[in-house]
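Spelled out, the chains give:
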Amino acid sequence: MTREIGTHLKTFTQNLGADIIGFCELPDELVNANLHYAVSLGVKLSDAILQTIESAPSFAYFQHYRAANALLDQIAFRVAREIEKAGYAAFPVAASQSLGKNDPYRGVIPHKTAAVLAGLGFVGKSGLFLSTEHGSKVRLATVLTNLPLQSELPVIENGCGDCTLCKNACPAGAIFGEKPLTNGERNFDPEKCSKYMKEKFQHIGRGSVCGVCIKVCPKNKLR
Ligand code: SF4
Ligand code: SF4
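So, how was this worked out
Along each chain, the written sequence defines residue order, and numbers are assigned to residues from 1. Chain labels run from A onward and ligand labels from 1 onward, assigned in the order the entries are written. Predicted model: local features are reported for residues with pLDDT of at least 70 only, side-chain atom pairs are reported and counted for 80 or more only, and whole-chain, interface and lining totals are derived from all residues. Computation of side-chain values covers all heavy atoms of the structure but excludes hydrogens and water. Only DSSP runs of H or I covering at least 4 residues are called helices, and only runs of E covering at least 2 are called strands; the numbering of each starts at the N terminus. Accessibility here uses a 1.4 Å probe with only protein chains present; expressed as a share of the type maximum, an area under 20% marks a residue as buried, one over 50% as exposed, and anything in between as partly exposed. Whether two residues are in contact is decided by their heavy atoms, any of which lying within 4.5 Å being enough. Salt bridge criterion: a side-chain nitrogen from Lys or Arg within 4 Å of a carboxyl oxygen from Asp or Glu. Near is defined per residue: the residue qualifies when any heavy atom it owns lies within 4 Å of the molecule or strand. Charged residues are taken to be Asp, Glu, Lys and Arg, nonpolar residues to be Ala, Val, Leu, Ile, Met, Phe, Trp, Tyr, Cys and Pro, and polar residues to be all remaining types, Gly included.

This part takes up the overall build of the protein chain. Scanning the protein chain for helices and strands turns up 7 helices and 6 strands. The order of α-helices and β-strands along the protein chain, N terminus first, is α-β-β-α-α-β-α-β-β-β-α-α-α. Each principal axis of the C-alpha atoms in the protein chain carries an extent, and together these give about 50 × 40 × 35 Å. Each of the 223 residues in the protein chain was classed as buried or not, and the buried ones make up 44%. The contacts of the protein chain with a sequence gap of at least 6 include a subset with a gap of at least 24, amounting to 69%.

Scanning all chains against the criterion turns up 5 salt bridges. The salt bridge partner of Asp 47 is Lys 137, with a shortest N-O separation of 3.2 Å. With a gap of 90 residues between them, Asp 47 in helix H2 (residues 47-50) and Lys 137 in the loop between strand E5 (129-131) and strand E6 (138-145) connect regions that are remote in the sequence. Taken individually, Asp 47 and Lys 137 each receive the classification buried, so the pair is uniform in this respect. Via salt bridges that share partners, Lys 44, Asp 47 and Lys 137 belong to a single interconnected network.

Further remarks concern the site of ligand 2. The immediate surroundings of ligand 2 are formed by Lys 125, Ser 126, Cys 160, Cys 163, Cys 166, Cys 217, Pro 218 and Lys 219. The residue makeup of the shell around ligand 2, split by class, is 5 nonpolar, 1 polar and 2 charged.

Nothing here speaks to function; it is geometry throughout.
Take a look at the structure:
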């Protein structure tokens, strides 16, 4: 039964516009509201839009980033409703989320951790999630649930090798250039990243990031 719902959710999610989808069981420290499983989903960003980023963010990227978040939020919302219709609980977690002023750089769950546990890719030295198919040209959302959906893919090791291009290119000095730490600490500084956008590029828009680390990553093979 669970397998059938999982197959249905995959098709349903892809028909709504998701490019990647996977399932995982969550470790105890990531369980919220007694929901032990997660649907991880992502949409690919436009290569042509990413090409507009040079050494700084662009208006086109800012607007595209927000559109991707809006699409993800809609998909997560509708996937959660579909899970509820099947008789289970579901909690859609928005693509861009924050726990508020006291902890502005954390959300209900790190989307990239759910995506890694679902076997969809790995976290790069940039601190970004790199999907197997699309590199870091993806935005993510998560649906927490008590529907017992298991991962169908093994967890993938970090594949950055000796590359440090994102660290070298980051204009905010926010990337440490290290592989993700096993204790769950971040390998980049989200405050430096966010402040760079807010302080230097208010005229483009707030609540976004500059995108240079995506543009330079050789795993992305921009077309
Ligand atoms: S979005 Fe820009 S400032 Fe933030 S980590 Fe990437 S390159 Fe650095
Ligand atoms: S630019 Fe290089 S080090 Fe950074 S995430 Fe991409 S492959 Fe990894």
